[in-house]
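Residue-level structural notes
Each chain is listed here by its residues.
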Amino acid sequence: MRNLFLLSFLLATSQLTAANKLRVASVSTIDTEIVQQVGGEHVEIAALVQPGVDPHEYEPTPADLRKVSDAQLILTSGKHMENYLNKLQEATGGKADLLKVGDYFSSLKMKREQGEQSRSADEGGMAEDPHWWHSVNNVKEATKLVRDELIKLDPADKTDFEKNAQVYLGKLDQLEDWIRRKVAELPRDQRRLVTSHDAFQYFARDYGFKIEAIEGLTTETEASNRHVSELIDDIKKQHVKAIFLENTLNPKVTTQITRETGAKIGGSLYPDGLGTGDASTYEGMMKHNVSTIVDALKSG
Ligand SMILES: [Zn+2]
């Protein structure tokens, strides 16, 4: 009798929670972590862009569109990262709230990435830099946006959302302290970041770095000889000790640069969101990037 009571009680509560969960779809690995942390047990998340997937290349598949069809909230990176938002909204019949998280933060400019022509307004070859999450402050603001949106859609669980957001914001404060201490190991005049992908403007602004992106240094595009020789001159003149790569680099040009400048390869960075292994959380990704940059530039 007692067991039967317990069983029916368990069935009732599990049905209740399944029905009560807020259905969220996300096309940003950063947004996914935030909504997991803040939403906790109250959200059911369809993470369409998985860690390690290049968000610049991602397009929703028919199966992805079926996953968003009953979502109540869609989280995106914003800042023109996604050019398929109409498709997502159509898939929900226009019923879901669309939160373009990055659109709430001030924009820094970047050199246009290959193939981005149609994605954002042209301003003399410059575009909005969509990589806002390299600023911990932006991620804190994103956490508050997501918290307020969850409260709007599910006011009954307001207390939990507020409590969870508070805990996550505390972790982000600790991360910010850690980054500032780590970056302080590097004298200001050595904070020069040469990367293959112009994605670290927000990072540079917050932590006092100068950026030099190796334009066109991917496997898809040939860097122009002139650009490479200018870059080689810059690296020599500024005594840059290391340059940082991504896995899509053209090894021939990289070898040329390291040979002619004496700069070494400082390691690879995660520019486009969460990765795998130690970079599968936001904290892990930021610590990987910061350690890689500081340690390589410090030791020479
Ligand atoms: Zn990128």
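The preceding data block contains the structure.
Now for a description of the structure that goes with this document. Treat the numbers as computed from the prediction; the structure is a model and nothing was measured.

In space, the four strands of this open sheet follow the order β2-β1-β3-β4, with parallel pairing throughout. Each edge of the open sheet carries a strand with a single partner, namely β2 (43–47) and β4 (97–100). Direction aside, neighbouring strands of the sheet carry axes that sit 20° apart on average. The sheet contact formed by strand β1 (residues 22–26) and β2 spans five bridges and is parallel. When the sheet's bridge partners are listed, Arg23 is paired in β2 with Glu44. Seen against the sheet, helix α2 (residues 29–39) touches β1, β2 and β3 (73–76) and runs at an angle of roughly 170° to β2. Across the sheet, helix α5 (residues 136–153) is in contact with β1, β2, β3 and β4; its angle to β4 comes to roughly 170°.

With respect to burial, α2 is a largely interior element, nine of its 11 residues being buried. One side-chain oxygen of the residue at the start of α2 lies 3.2 Å from the amide nitrogen of Ile30, identifying that residue as Ser28. After α2 finishes, the residue Gly40 shows a positive phi value of roughly 55°.

Right, let's get into the pairing of β1. When you tally the buried positions in β1, you get four out of five residues, the bulk of the element. Traced from β1 through α2 to β2, the parallel crossover comes out right-handed.

Let us now look at the nonpolar core. One finds Trp132, Leu150, Phe209 and Tyr282 to be the most contacted residues of the largest nonpolar core, which totals 52 residues. Where this core is concerned, the elements lending two or more residues are β1, α2, β3, α5, α6 (158–183), α7 (201–207), β9 (242–245) and α10 (282–299). The residues contacting Phe209, other than those within four sequence positions of it, are Val183, Leu186, Arg191, Arg192, Leu193, Phe203, Ala204, Ile293 and Leu297. Of all hydrophobic cores here, the second largest spans 13 residues; its members include Leu48, Ile74, Tyr84 and Ala96.

Rules used throughout
- Residues numbered from 1 in each chain as written.
- Predicted model: local features only at pLDDT ≥ 70, side-chain atom pairs only at ≥ 80, totals over all residues.
- Heavy atoms only, no water.
- Pairing = 2+ DSSP bridges.
- Helix = DSSP H or I, 4+ residues; strand = E, 2+ residues; numbered from the N terminus.
- Axes fitted to C-alpha atoms, helices over the stretch in contact; angles between N-to-C directions.
- Contact = heavy atoms within 4.5 Å.
- Buried < 20%, exposed > 50% of the residue type's maximum accessible area, 1.4 Å probe, protein only.
- Polar contact = N/O pair within 3.5 Å; in protein donor to acceptor, adjacent residues only side chain to side chain.
- Right-handed = clockwise from strand over helix to strand, strands pointing away.
- Core = buried A, V, L, I, M, F, W, Y, C linked by side-chain atoms within 4.5 Å.

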